[in-house]
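Here's the letter readout for the chains.
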Amino acid sequence: MRVLLLTTLAFGLASALPSSQSHPKKGRLNVQVGVRPYFVVNDMDDGPLKKKLESCSEGPFKQTDFAISHRGAPLQFPEHTKESMEAAIRQGAGIIECDVVFTKDKQLVCRHSQCDLHTTTNILAIPSLAAKCTQPFTPFNPTTGTPASANCCTSDITLAEFKSLCGKMDGSNPKATTVAEYMAGTPPFRTDLYATCGTLMTHREYIPLIDSYGLKFTPELKTPSVSMPYQGTYTQEAYAQQMIDDYKSAGIHPSRVYPQSFLIDDIYYWIKHEPRFAKQAVFLDSLVDTPEGYINATARLPTLAKQGVRIVAPAFFALTTVASDNKTIVPSTYAIAAKKAGLDIITWSFERSGFLNHGGDYYYQYVSKVINNDGDMYKVLDVLARQVKIRGMFSDWPATVVYYANCFGL
C-alpha cells in the first residue's frame, strides 16, 4: 500500500497545486492541539505532574513562543512544506522554522539539508530531474549487501525546478530495488496520510506566510554540502548576508527573527555585520555529541558569552542527566554552566524519537534508564522548562509542547 501511495505521489501529482486558504487576522487564530497531548498525558506515570497536566485538559490554548516548530510539523506532514508549517501554526507554535539552503541559481529555499531531496521529495521519480542528481538512484545489491542509495541536492537544480517538486515524508528504503520502493521509507511512527503532494517553500515565500499570522521566524543557515565559495564567487558570508537581507527587504523587525547556525563563524558574522539580528542569533552546539566534545562544549560556554553569543542550542539530551538516586532527572553540567555564563538556552527536538517504551534514542541517551513510556517525554520537558529554564523547545509536533506550555503559563 505504501509503495502504491508513493508511486501515485511520484507520477500523478507532480503538478498538483494546493487550494488557496485565507489567513485569519493576526492574533485571532483558534489554536487546536488535537488528541496527541492527551494520549501522552494518559501514558504518564501517576504523580503530581500528571495531575497538573490533566487539570489543563479543557484549555483554552493559545500560541506560545516556548513552542518552536521544527521543520513544520513533520511527525505527520512532509517537512518544510506549506502544509507542514500551517499545521504547526494551527497547533500553536509561536516561532516557525525554515532551514535555509541554496539552489543552483543561488536562490534560498527551505530544506533541512542541501542534499536531502532524494528522501524528502519525489525528485527521483522525475527522470529529467533525477538525471541531474549528484548521485542517481542505485538499487540495493543483494550479493554485497550494499544499501540502495541516491544523493540529490538543491544545488543540482534551479529554483524553478525545485518548485516543480512534491514534498514527501522524509525516509528511504535501504533494500529498495526500484525508485518507488526507495521512496516508500516512511518510519513506522510517522504517517503518509498528509503526504499527497507537499508544497515546497522558498525562503521568500516562507516569510510572508509566517508574517500573515503575526508569528516569529527562526531560519537556520544550513552548512553547505558543496565547497564554498560556490561557483567561485558565492561565499559563506554572502550566503549568511543574503538570508538576513530577505527579512530586511520584507520589512520584518529583527526582534521577530532568531537566525540559527551550527557554524560559529556565521554567528560571529552576524554579530559584526548585523548586530540587531544577532541579538537573538542561536548557536546550534553539536560539540556535545561525543563525551570529550561535551566536556569541551561545557568549558567554552563562558568564552562564547564573552564573544557576544546570547543563545546556545544543544540537542536536549545534553541538558539533563540522572541524579545519584538513579531515579530523578536533573539539569546537566552543561545546562548549569550555560546559565552561569548568562546564556539563554533553546533546545531540540521534541517528538522526533518515535516510541519511548524502550528508553528512547539519541535525544534521551543520558536519561534512558528512567524512560519507559511515551508519557516520560513530559517528565523530561518539565525538568527542561522549570529547572533548566530553557527559553523554547523545537518540536516535530508542536501541539505536545503547546499543551504543556499553556498548562504552566509559558
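Rules and cut-offs
- All residue numbers refer to positions counted from 1 along the written sequence of the respective chain.
- Note on the predicted model: pLDDT of at least 70 is required for a residue's local features to be given, and 80 or more for side-chain atom pairs to be given and counted; whole-chain, interface and lining totals, by contrast, use all residues.
- The basis for every side-chain value is the complete set of heavy atoms in the structure, and neither hydrogens nor water enter the calculation.
- Put simply, a salt bridge is a Lys or Arg side-chain nitrogen that is within 4 Å of an Asp or Glu carboxyl oxygen.
- Buried residues are those whose accessible area, probed at 1.4 Å on protein chains only, stays under 20% of the maximum for their type, while exposed residues exceed 50% and partly exposed ones sit between those limits.
- In this text, helices come from DSSP runs of H or I with a minimum length of four residues, and strands from runs of E with a minimum of two, each type numbered from the N-terminal end.
- We call a pair of cysteine sulfur atoms a disulfide whenever their separation is within 2.5 Å.

### Topic: the pattern of salt bridges
Under the criterion given, the structure shown has 17 salt bridges. In this structure, K222 and E220 form a salt bridge, with 2.9 Å as the shortest nitrogen-oxygen distance. Of the two residues, K222 and E220, neither departs from the other in class, the shared state being buried. Of the charged contacts in the structure, one is a salt bridge between D382 and R386, with a shortest N-O distance of 2.8 Å. Linking D382 with R386, this pair stays in helix 16 (residues 376–388), spanning 4 residues, or about one helical turn. Sharing partners across several salt bridges, the network here consists of R190, R352 and D396.

### Remarks on the state of the cysteines
Applying the stated criterion to the full structure yields 5 disulfides. Residue pairing for C98: its cysteine sulfur links by disulfide to C110, the two sulfurs lying 2.1 Å apart. When the S-S torsion is -105°, as for the bridge of C98 with C110, the disulfide is left-handed. Here C98, found in strand 2 (residues 93–102), pairs with C110, found in strand 3 (residues 108–110); they are 12 residues apart in sequence, far enough to count as distant. Each sulfur in the disulfide pair C115 and C153 lies 2.0 Å from the other. Judged by the torsion about the S-S bond (100°), the C115/C153 disulfide is right-handed.

All we've got here are geometric facts, nothing functional implied.
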